[in-house]
Amino acid sequence: MEHSQALFEEAKQYLPGGVNSPVRAFGSVGMKPRFIRQADGCRITDLDGNTYVDYVGSWGPMILGHNHPTVRQAVLEAVSGGLSFGAPCPAEVDVAKLMCQMVPELQMVRMVNSGTEAVMSALRLARAATGRHKIIKFEGCYHGHVDSMLVKAGSGVMTAGIPSSSGVSPAVTQDTLLAVYNDLESVEALFAGNKGEVAAVIVEPVAANMGVVPPQPGFLHGLRALCDAHGSLLIFDEVITGFRLARGGAQEYYGVRADLVTYGKIIGAGMPVGAYGGSRKLMEQVAPCGPVYQAGTLSGNPVAMAAGYAQLSILQEQPELYARLNALGEKLASGFSEIAPKKVTVQRVGSLVCPFFTKSEVKNYQDALKSDTKAYAAYFAKMLEQGVYLAPAQFEAMFVSTAHTEEIVGETVEAMARSLL
Ligand code: KE4
């Protein structure tokens, strides 16, 4: 581990915390990060030659596993034609069209370069479309580092224990209203207290940034009804759930229609891609056909589009992969539940799994905060020692891929049992 350690010291000279995204620094588990040299299938290898079964999967994009031959080939072919044109290219139309085929509710999308950019743009469009300013979000949900969303956000913000980031102007967050996940009454109260002012409700249809917190029955349908009743838009942030829960994402999985959806991760297959989309009526308000300005030098980049198209095409052509993915998720979660002591509550939706180190069900941010993050850190360290690479933070998800096998998941459960001894 000396190579990673040495490089981490050097990295800290040039990169804040030695990383380009906070959660990677292993701060929450009190360890030093492994620098990864390569990845293949469900495994990653660090600079010191240690190989791990990977349940981070680059935080979601690697649904087919790392270095998938079809995705790799598509990228190599695209690269030979040039990296970026700053002009329309066929690949971006291919991806947009395929996304709209896979998600029936989607009529039009705009490509951007990250989930954060997708959220930022969707919020702007929602405000323009409704002429309203206020946004309802949920404690513990993470929507990227958009200023107005860094209020009681999940993921790295929650891990760092900073309820919201410094440097965010109060003028920006004054229009952000906070509700409690899985609590429709808290949403109703905000609507009642801000009549005619709420542009949109933005929600992770499965909250996967405070660990994995499923929507309670009726919660998402209830949000749909409240938005309809108050003339507000419903935004599903599907940066994690999009094309993971089903080809049609959470809208298909739960049978609830959102007005706008944000995407990231899987649609880039590991390359920097985000997108937002919805009805043609809404999306045609975006420049250049409408007054909502949004732009990006590398948006729709031909190489990134080639990667995303290759991965999405496999998911579109082989829907049976979802049954396999979800069965692996079930095996992992049920296996862990069987061995987990009373102090661990395992929660799962599809191929998203999270062992919470707390004894009761986690339905919202306050429940999640009861987790014993020190116990999680000890579990993380023991799993890493056994060659299993997990999210270095309690408030994240385990991501299963189609490159994991029944056997590998079984071995992971055995490693979990040993880690809890
Ligand atoms: P990016 O800007 O990181 O591409 O996407 C932001 C984002 C938006 N919405 C949801 C639901 C997300 O989960 C994310 C990003 N997810 C985290 C993992 N919890 C990214 C990992 C990181 O921050 O390093």
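Above this text sits the structure in question.
Note that the structure is predicted; figures quoted are calculated from it, not measured. (Residues numbered from 1 in each chain as written. Predicted model: local features only at pLDDT ≥ 70, side-chain atom pairs only at ≥ 80, totals over all residues. Heavy atoms only, no water.)

Student: I'd like a description of the sheet that holds strand S9 (residues 260-263), backed by residues and values.
Tutor: Taken together, the seven strands give an open sheet; going across it, the order is S4-S10-S9-S8-S7-S5-S6, and neighbouring strands pair in mixed fashion. In the strand order of this sheet, the two ends are held by strand S4 (108-112) and strand S6 (176-179), each with one partner. Across the sheet, the mean angle from the axis of one strand to that of its neighbour is 20°, orientation sign disregarded. Where strand S5 (residues 134-138) meets strand S7 (residues 198-203), three bridges bridge the pair, whose relative direction is parallel. Considered in S7, the bridge of Ile 135 is made with Ala 200. Against the sheet, helix H3 (residues 90-102) engages S4, S9 and strand S10 (274-278), with an angle of about 130° to S4. (Pairing = 2+ DSSP bridges. Helix = DSSP H or I, 4+ residues; strand = E, 2+ residues; numbered from the N terminus. Axes fitted to C-alpha atoms, helices over the stretch in contact; angles between N-to-C directions. Contact = heavy atoms within 4.5 Å.)

Student: Account for the site of the ligand, naming residues and giving values.
Tutor: Around the ligand, the surrounding shell holds 17 residues, and the nearest of these are Ser 21, Thr 116, Asn 209, Asp 237 and Glu 396. Contact with the protein chains removes 87% of the 540 Å² of surface that the ligand exposes when unbound. Partitioned by chemical class, the residues of the shell around the ligand number five nonpolar, eight polar and four charged. Of the residues that make up the shell around the ligand, three or more belong to each of domain 1 (2-67 + 320-419) and domain 2 (69-317). (Near = heavy atom within 4 Å. Areas by Shrake-Rupley, 256 points an atom, 1.4 Å probe, with all protein chains shown as cover. Nonpolar A, V, L, I, M, F, W, Y, C, P; charged D, E, K, R; others polar. Domains from an automatic or database assignment.)

Student: If you had to explain the pairing of S7 to someone new, which residues and values would you point to?
Tutor: Summarising burial for S7: six of the six residues are buried, a large majority. Note: S7 against strand S8 (residues 233-237), four bridges, orientation parallel. Looking across to S8, one finds that Ala 200 is bridged to Leu 233. One crossover worth recording links S7 to the parallel S8 by way of helix H8 (residues 219-230), and it is right-handed. (Buried < 20%, exposed > 50% of the residue type's maximum accessible area, 1.4 Å probe, protein only. Right-handed = clockwise from strand over helix to strand, strands pointing away.)

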